[in-house]
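# Descriptive analysis of the structure
So you can see what is in the structure, the chains are spelled out below.
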Amino acid sequence: MSAPIPITRVSQSRLTEALRENSEFGATFSDHMLVADWEAGSWKHPQIVPFGPISFSPALTPFHYGQAIFEGFKAHRIPNDRVALFRPRENFVRLNRSAARLAMPGIPEPLFLQGVTELVRLDRDWIPHREGGALYVRPTYFGIDDTLLVRPANRFRLIVMTCPVGPYFAQPIRLLAEERYVRAFPGGTGDSKAAGNYAGGFHNVLWLDGVERRYVEESGVMNVFFVLDGKAITPPLSGTILPGVTRDSALTLLREMGISAEERQIPIDEILSAHAAGKLTEAFGAGTAAIVAPIACIRYRDRDLQFSAVADSSVAARLRSRLVAIQTGREPDKHNWLLPV
Ligand SMILES: *Cc1c(COP(=O)(O)O)cnc(C)c1O
């Protein structure tokens, strides 16, 4: 461990029970944030300070050229009044992969993990007690040059903020399979958590591949799974899909539950015909924010593919309760996924 990170505490916490338990996803921020700057080849004094506005030049790099990436993972309450992060090292590794893709300097592991751990420890009272509640940890990392020169920035800032949240979707979701616009294409940044990937402004879209508009890729904030002939299938990590930590956890847990889980290309035509033949029994999304989110309907061209209401016996419901049980320490952490803070 490196030296302790200096902390400037808020003079008075904004925490209330209503903010902690009832906030809309991502709309409430806890008291503190972690801030660290990179300049001239090294990281300068990371600090924890009160959460609040920051001021920048209108020429700031991400406003013009999009050099900005982010991450998302959660801290949960576990038994004996303790708290654990779920697989934060995976997010650290993915953040640095995204950074390399966007020509940004790597972040040292001790800075990231120690910073996040101290931040969550400091604001642990903000973690909801309600079922499915968690403290969402949102790192954002961006260039902070104030020049319009088109080049990678010379200075960068990492900020980590946290939000008390419940599940992203309260109800089973409806997705539109999009044929005209695409999220990603081979050689692009689809497998990075780059801010620009979300600039198209779509809500609840099921993306198809950027070349043929034929294969299912993923949804806005989650990877997708289908249950076909009793098997779970999800598209492979082809370079255009975000490699979700929840997707990876789901593949492991499904196999442990005795459900065969395959990664393979899924043509949208196969989804239509399997649905018509009654072989496609479930569709669900998997992501940190959404956890495991049942899909009620997929619209493709002029057709609505409906999926029956989720039963407790569904693959999605069983997977979700298994995952949440591990995250909240109610089931043994066989895979070493929890990092207690
Ligand atoms: C973050 C994200 C996911 C889910 O990744 P997790 O690590 O499971 O949270 C899936 N797709 C996209 C496009 C994402 O941005």
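Here is what the cut-offs are and how they apply
- Residues numbered from 1 in each chain as written.
- Predicted model: local features only at pLDDT ≥ 70, side-chain atom pairs only at ≥ 80, totals over all residues.
- Heavy atoms only, no water.
- Helix = DSSP H or I, 4+ residues; strand = E, 2+ residues; numbered from the N terminus.
- Contact = heavy atoms within 4.5 Å.
- Core = buried A, V, L, I, M, F, W, Y, C linked by side-chain atoms within 4.5 Å.
- Buried < 20%, exposed > 50% of the residue type's maximum accessible area, 1.4 Å probe, protein only.
- Expected span 1.5 Å × (residues − 1).
- Pairing = 2+ DSSP bridges.
- Near = heavy atom within 4 Å.
- Polar contact = N/O pair within 3.5 Å; in protein donor to acceptor, adjacent residues only side chain to side chain.
- Areas by Shrake-Rupley, 256 points an atom, 1.4 Å probe, with all protein chains shown as cover.
- Nonpolar A, V, L, I, M, F, W, Y, C, P; charged D, E, K, R; others polar.

Quick look at the environment of E178 now. Counting through the fold element by element, E178 comes out in strand 8 (residues 173-178). It is 10.0 Å that separates the C-alpha atoms of E178 and N204, two residues lying 26 residues apart in sequence. Apart from residues lying up to four places away in sequence, E178 is in contact with F202, V205, L206, W207 and L208.

In this section: the nonpolar core. Core analysis: the largest hydrophobic core is formed by 35 residues, its most contacted members being I107 and Y141. Where this core is concerned, the elements lending two or more residues are strand 1 (32-39), strand 2 (42-50), strand 4 (73-78), strand 5 (82-86), helix 3 (88-101), helix 4 (109-122), strand 6 (134-143) and strand 7 (155-165). When residues in this core are grouped by element, the largest group, seven residues, is from helix 4. Once residues within four sequence positions are removed from consideration, I107 is found in contact with W43, F92, L95, N96, F112, Y141 and L158. If you look at the next biggest cluster of nonpolar residues, it comprises 26 residues, including V216, L280, A293 and F307.

Okay, helix 5 (residues 245-256) next. The terminal C-alpha atoms of helix 5, which comprises 12 residues, lie 17 Å apart, in line with the 16 Å expected from a rise of 1.5 Å per residue. Every buried residue of helix 5 is accounted for by V245, T246, R247, S249, A250, L251, L253 and L254. Looking one or two residues beyond helix 5, the residue adopting positive phi is G258, at roughly 80 degrees.

On the secondary structure map, S42 appears in strand 2. Look at S42 and you get partly exposed, because its relative accessible area is 30%. When the C-alpha atoms of S42 and P105 are compared, they prove to be 9.0 Å apart, with 63 residues separating the residues in sequence.

Turning our eyes to something else, we now look at the pairing of strand 11 (residues 223-228). Burial analysis of strand 11 places six of its six residues in the buried class, which makes it a mostly covered element. Residues N223, F225 and V227 line one face of strand 11 and the alternating positions V224, F226 and L228 line the opposite face, and both faces are buried. As paired strands, strand 11 and strand 14 (residues 280-287) are joined by six bridges and run antiparallel to one another. The residue of strand 14 that forms the bridge with L228 is L280. Connecting strand 11 to the next strand, strand 12 (residues 231-234), in antiparallel fashion are two residues, including D229 with a positive phi near 55 degrees.

The next thing to look at is the site of the ligand. Taken together, the neighbourhood of the ligand is formed by 16 residues, with K193, Y198, E218, T246 and T288 sitting nearest. Side-chain polar atom of K193 to an oxygen atom of the ligand: 2.7 Å apart, as the coordinates give it. V245 places a polar main-chain atom, nitrogen or oxygen, 2.8 Å from an oxygen atom of the ligand. When the free accessible area of the ligand is taken as 380 Å², the share hidden by the protein chains comes to 96%. Elements with a contribution of two residues or more to the shell around the ligand: strand 10 (216-219) and helix 5. Residues that form the shell around the ligand fall into these classes: five nonpolar, seven polar and four charged.

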